[in-house]
Amino acid sequence: MTALPSEVRRRGLPRRRTGGAARPAGPAGRARHGRLPVRIVAVLAGLLFLLPFYYVVVTSLNSASVSASVSDILLPHWQWANYSRAWAAAPWPRLFLNTLLIASATVLLALATSLLAGFAFGVMRFRGRGLLFGLVMSVLMIPGTVLIIPDYIIANDINWLDTYWIQIVPWGASVFGIFLVRQFFMGLPQEIFDAAELDGAGRLRMLWSIGIPLVRPAIVIISLNVFLASWNSFLWPFIMTSSPDVQPVEVGLAAFAGANGVDFPALSAAVVFTTAPILLFFLFLQRHFITGAMSTAGGVRG
Amino acid sequence: MTSSRLPHAGYRRIAGSALAAVTVLAAVAGCSSSGSKSTDAGSSGGTTTISFMQIMINGSQKSTLVKLTNDFETANPNIKVNLEYQPDYGTLHAKETAAIAAHNAPTIGQVYEPWAAQFANSQVILPVSQYAGSDKPDQFNTFYAGVQKDLALPDGKNWMWPFNKSVQVIYSNSDLLKAKGLTAPTTWEQFATAAKAVSGNGVTGIAIDPGTTASPASGTLMFQALAASNGTPDFAPDGTPQLNSPAAVQALSYLVDLKKAGALQVGTNYPGEAALGAQKGLFDLSSAAGYYYENQAVGGKFAMGTAVLPTGSTGQPTNIMSGTNLVEFAGASKAQQAAGWKYMQFLASASSQAEWASQTGYLPVTAAALPLMSDFIAKNPYLPTAVGALAYAVAEPPYSWVAKAEGEEVVALQAALDTGTDPATALNTAQTAALADQKAGAAQ
Amino acid sequence: MGWLYTAPALLIFSVFIIGPTAYTFYVSLFHWNALNTAKSKYIGLANYRSLFGSTAPSFLSSAWHSLYFSGAMVIGGTALSLAFALLLQRGGRLLGAARVAIFAPHATPVVATSLAWVWIFNPQFGLADTLLRAAHLGQPGWLQSTTWAMPSVIVYSLWHEVGFTVVLFLGGLAVISPELSEAARVDGANGWQEFWHVTWPQLRPVTLFVVIITSISSLQAFTQFYEMSQGGPVYATTTLSYLLYQEAFVFFDTGYGAALAIVLFAVTAAFTLLQRRTGDRISRSS
């Protein structure tokens, strides 16, 4: 159940303790709030959040012509044909592979740029640091929709239309990531880096061998965030690409909402089989994500 | 102890698989970029490549377009057609605009009339005379009268060629009508009577979606059809909005009256289709091209009737032409212009239109297609009447501001049907806003 | 040296965001013709003037809808996620599962799940109305109603976003000092007093972080409006960022859309600065 960071790391971060998941059941006095009501409310809340998932699964198994009774809406009718129709509508394996490639490459690039820039902003002293950091933060506040046409023109000029690159590189720098890494490094005792400098370790080696292990929780949460952002993009791939060779899964989902009607059961089926792998992936790694996110909150106070 | 080692193993696994992914990525990227290079060239080795940007992304629309295109390529081995799919008209418009701005436009694209007006004003599409050698090439005379009129812009020249045209039709639950001793309505008055007669016990006469300011839907089309049937369409032929004409107020009052009687419901995402299919609705007003989806929703549970729009106080048949035309974008080479023109003529030919219409429910743009569709007509006797509507159906006038001004109609509908605003007040507000849109649009 | 380290990120930002933004500002001074730039006309601040003078919808009503949505997301989202975090802060299989359930929606694409929620809110066949009908309660009409459309979008957005902020609060709770809580209990404080005087003050940095990221992301939120309500009915869900999409991308009034983008940028920046300064003042005074 526990996901304790190693002892060394814990000593490196005196102000931060492990995530709540890892926390032994709180001080004895807390128990007086009563555990049963807490559990009931928690289970109800969890079910409420899962209800839409259940609903999508049921819709994906019902015929297009349902009647409007509660049982028809809440109970599946096992129309597996919806799935074969949905599966036939797009080259899913290819689209899925594309999504995976685009999202993982974006994550790697964003991690690299965030670590470098966050390290610089958090640890290094240089002229114009405050100004540059302000510039980076302001990027977060720019509404993306107006950028699409100028970006299309740029992509066309550098011959990146209809490639993986245009779906990766523009998203390969994350303000959120830079901010988090900076906060983490600012929270670390400066002496760690001073000592390393005395050792004569190069800055880059210092970042690699000392910095990265210490900001691991931030790495997890940035990966998650960038991955989800990439997985979430919709308008961008449609505008920037046109061939299924490089397009992501979301483009396939659009195939069900035609101009003259919508095939809701097939759409739901496609939502199920495109979202399920991500949810499984998340379920598999949830402990990392949650502890990562929790340590992130710890890092924020640094 | 093991638990503290686990995360490390996990990280290493993630890092490992990510690294593998990047390696594969580099390989695949290499392939695909070299692949796209070869298709970039407009014409090489005697082969001319043209691109066609459209929204026929699913169902029988996609399969039929692919089949027709293959037939065309077989008949013209030196022409290759790249089909570029977009998910909806909004994205199509955005992508065409971005592509034009980057001087990277496709050869051919689907357009609505107001887009064509904007494109022509900016000199980024070609007039028909440029690639066909004549403003009215031979095929022009084969089209229905309404279709012919729809190809010209305000300058009087033809800029578009027809592809997927349609009109509005009424789908109905014939069994339910019969059970109440009613027949398919031929006037809007009968329509209202029937809608009210069946309503109650969870059944509603008709469910409509006014649509959104960005894209009006069937409810707004119903309002437009009603206004036209009362003698004054929502826009004059020169694009001037006339949203608060007595005919328009009467049209909106008609809808409000149905709503008050419980015979009309407002929804989204093709609510009429869903209600009809679930046997909770009597009528649905939708494009003839929605036939495939209506049939799917009904699923053979009852006999579905299809009829042209009823007539209003003028007694004249009226209809709203929908669907799009094709244009050729400026920037295509001479060879691409010629190849594109061949392809456009092929798509508008009697045999292609017969196949296209039989598979999708769109209406053939030429009467010559009908003899080739006898099987389809035998099963769908409504078709000749619906096609007949192409002779008199009128599209929205081709001015750039009309799209925005239609959005004001949507708001008026929503205000009258949801918040109970008086129809005349709602339409006066819409008219004021639409006139402002016209003024701003004309200044561009 | 620092410049070198920040260079990769700055290069990407400059090419794809900062450069185009400068261009956007330039465009906002024109009657811009995106199709054929040679046909653009310089009109100075006229786009900004017509922006503030527009009536359908008025600038103030769109700004109000942005504020309505962001306010609900910031206040509702923060309160809800703090409550969930307090509820779920202890470990255990059951609470762990509930945590996963609450986080799961965040891992789904907005495009896919907002469509599912449109179906849930369908007035005739949706889950929400079917349940209300079965319980013989009134049906608000959800996305069809000028009153309920915005709350419907907010419900969806909370469902999708709260998981992430819950986890951030869990992290904040994990690092607060147990000694202080213990001392408070020794002094005889009850649960509420302990929370209000001991726990909550220590959560301020996390809260400020949550408030800032939630307000930026909700001021810029667009996909759920696009998928669920498209700004309607009767402009009830037309926020500044949806209006921006519509002007720039549906009607291609590029110059006007650009002016709107600059205004939205200014509003977001002002908001963020205001929150930071308030946050600073609170933490200094405490």
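Remember, predicted model here, so these are calculated numbers, not experimental data.

1. Observations regarding the overall build of chain B
What chain B contains, in helices and strands, is 18 helices and 11 strands. Out of the 444 residues in chain B, the part that is buried amounts to 58%. Excluding contacts between residues fewer than 6 apart, the proportion of contacts in chain B whose partners are at least 24 apart in sequence is 74%. Taken as a whole, chain B presents about 16,300 Å² of accessible surface, with 56% of it coming from carbon and sulfur.

2. Describing the overall build of chain C
The helix and strand inventory of chain C stands at 13 helices and 2 strands. The 286 residues of chain C split such that 65% are buried. Across chain C, contacts joining residues at least 24 apart in sequence account for 65% of those joining residues at least 6 apart.

3. A look at the interface of chain C and chain A
Each partner contributes residues to the interface: chain C has 94 residues there, and chain A has 105 residues. The junction of chain C with chain A conceals about 8,900 Å² of combined surface from both sides, 78% of it contributed by carbon and sulfur atoms. The largest share of the area that chain C buries against chain A comes from Y5, F16 and R90 of chain C, three residues that together contribute 10% of it. Linking chain C to chain A there are 0 salt bridges. Applying the counting criterion to the chain C and chain A interface returns 3 residue pairs in polar contact (both at pLDDT 80 or more). It is helix α1 (residues 2-27) of chain C that provides the largest number of residues to the side of chain C that touches chain A, a total of 17 residues. Along the lines of polarity and charge, the residues of the side of chain C that touches chain A split into 67 nonpolar, 20 polar and 7 charged.

4. Considerations on the packing of helix α10 (residues 246-260) of chain B against helix α17 (residues 402-417) of chain B
Residue and element names in this part refer to chain B. Relative orientation of the contacting elements α10 and α17 amounts to 35 degrees, with a least axis distance of 10 Å. Seen from above, α10 lies across α17 with right-handed handedness. Residues L252, L255, V256 and K259 of α10 form the contact with α17, whose participating residues are A412, L413, A416 and L417.

5. A closer look at the nonpolar core
With 180 residues, the main nonpolar core has W92, F119 and F185 of chain A together with F13 and F249 of chain C as its most contacted residues. Ranked by size, the runner-up nonpolar core spans 78 residues in total, among them F52, L65, Y85 and V124 of chain B.

6. Concerning the environment of I154 of chain C
Within the fold, I154 of chain C resides in helix α7 (residues 149-174). In this structure the C-alpha to C-alpha distance between I154 of chain C and G77 of chain C, which are 77 residues apart in sequence, comes to 9.6 Å.

7. So, the pairing of strand β11 (residues 322-328) of chain B
Residues and elements named next belong to chain B. Most of β11 sits inside the fold, with 7 of its 7 residues counted as buried. When strand β4 (residues 108-111) meets β11, the two strands line up antiparallel, connected through 4 bridges. Looking at the pairing, V111 lines up with N325 of β11. In this sheet, β11 lies alongside strand β5 (residues 161-166) in antiparallel orientation, the contact comprising 5 bridges. Its bridge partner being in β11, P162 is matched across the sheet by N325.

8. Overview of the side chain of S286 of chain B
With respect to the helices, strands and loops of the structure, S286 of chain B is situated in strand β9 (residues 281-287). Dropping the residues within four chain positions of it, S286 of chain B is found in contact with V167, Q168, V169, Y171 and E294 of chain B.

9. Digging into the packing of aromatic side chains
All chains considered together, the criterion is met by 59 aromatic pairs over all chains. Ring centres 5.7 Å apart and planes at 5 degrees place the aromatic pair F179 of chain A and F209 of chain C in the stacked group. Within this pair, whereas F179 of chain A is found in helix α9 (residues 175-187), its partner F209 of chain C is found in helix α10 (residues 204-220), the two belonging to separate chains. With a relative accessible area of 12%, F179 of chain A lands in the buried category. Residue classification places F209 of chain C among the buried residues on the basis of a relative accessible area of 7%.

10. Here's the deal with the sheet that holds strand β7 (residues 204-208) of chain B
All names here are of chain B. Reading across from one edge, β8-β7-β9-β6-β10 is the order of the 5 strands in this open sheet, with mixed pairing throughout. Two strands bound the open sheet, and with one partner strand each, they are β8 (264-266) and β10 (304-308). Strand-to-strand, the axes of this sheet are offset by a mean angle of 25 degrees, without reference to chain direction. Pairing of strand β6 (residues 168-173) with β10 involves 5 bridges; the strand directions are antiparallel. When the bridges of β10 are listed, V169 appears paired with V308. Lying on the sheet, helix α12 (residues 291-298) is in contact with β6, β9 and β10; it crosses β10 at an angle near 155 degrees.

11. Let's talk about the confidence of the model for chain B
For chain B, per-residue confidence averages 86 on the pLDDT scale, and residues scoring 70 or more make up 90% of the total. When the criterion is pLDDT under 50, residues 1-41 of chain B qualifies, and its contacts beyond four places in sequence or with other chains add up to 27 contacts.

12. Quick word on the packing of helix α5 (residues 92-123) of chain A against α9 of chain A
All names here are of chain A. α9 packs onto α5 with a crossing angle of 45 degrees between their chain directions and a minimal axis gap of 7 Å. Relative to α9, α5 is oriented oblique. Crossing hand, α5 versus α9: right-handed. Judged by residue contacts, S114, L115, A117, G118, F119, F121, G122 and V123 of α5 engage G177, I178, V181, R182, F185 and M186 from α9. Its residues assigned to classes, the contact of α5 with α9 shows 9 nonpolar, 4 polar and 1 charged.

13. Some thoughts on the side chain of N47 of chain C
Mapped onto the elements, N47 of chain C comes out in helix α2 (residues 46-53). The residues contacting N47 of chain C, other than those within four sequence positions of it, are V27, S28, F30, G255, Y256 and A259 of chain C.

14. Some thoughts on the pattern of salt bridges
In a structure, side chains of opposite charge can pair up when their charged atoms sit close to one another. Applying the stated criterion to the full structure yields 8 salt bridges over all chains. Across the pair K165 of chain B and D150 of chain B runs a salt bridge whose closest N-O atoms are separated by 2.8 Å. Placement of K165 of chain B in strand β5 and of D150 of chain B in the loop between α6 (145-149) and β5 is noted, with a sequence separation of 15 residues between them. Across the pair, exposure class does not vary: K165 of chain B and D150 of chain B are buried alike. Its salt-bridge partner being K404 of chain B, residue E247 of chain C comes within 3.1 Å of it at the nearest N-O pair. With E247 of chain C in helix α12 (residues 240-250) and K404 of chain B in helix α17, the pair connects residues from two separate chains. A single network of salt bridges, built from pairs that share partners, joins K67, D71 and E355 of chain B.

15. Observations concerning α12 of chain C
In an α-helix, one turn spans 3.6 residues, which is why side chains three or four residues apart end up on the same side. All names here are of chain C. Within α12, 11 of the 11 residues are buried, which leaves the element mostly enclosed by the surrounding structure. Residues L240, S241, Y242, L243, L244, Y245, Q246, E247, A248, F249 and V250 constitute the buried set of α12. Positive backbone phi, approximately 50 degrees, marks F252, located one or two places after α12.

Scoring rules and cut-offs
Residues numbered from 1 in each chain as written. Chains lettered and ligands numbered in written order. Predicted model: local features only at pLDDT ≥ 70, side-chain atom pairs only at ≥ 80, totals over all residues. Heavy atoms only, no water. Helix = DSSP H or I, 4+ residues; strand = E, 2+ residues; numbered from the N terminus. Buried < 20%, exposed > 50% of the residue type's maximum accessible area, 1.4 Å probe, protein only. Contact = heavy atoms within 4.5 Å. Areas by Shrake-Rupley, 256 points an atom, 1.4 Å probe, with all protein chains shown as cover. Buried area = accessible area lost by both parts, 1.4 Å probe. Salt bridge = Lys/Arg side-chain N within 4 Å of Asp/Glu carboxyl O. Polar contact = N/O pair within 3.5 Å; in protein donor to acceptor, adjacent residues only side chain to side chain. Nonpolar A, V, L, I, M, F, W, Y, C, P; charged D, E, K, R; others polar. Axes fitted to C-alpha atoms, helices over the stretch in contact; angles between N-to-C directions. Left-handed = near helix turned anticlockwise from the far one by under 90°. Core = buried A, V, L, I, M, F, W, Y, C linked by side-chain atoms within 4.5 Å. Pairing = 2+ DSSP bridges. Phe/Tyr/Trp six-rings, centres within 6.5 Å; stacked < 30°, edge-to-face > 60°. pLDDT = per-residue confidence, 0-100. Parallel < 35°, antiparallel > 145°, perpendicular 65-115°, else oblique.

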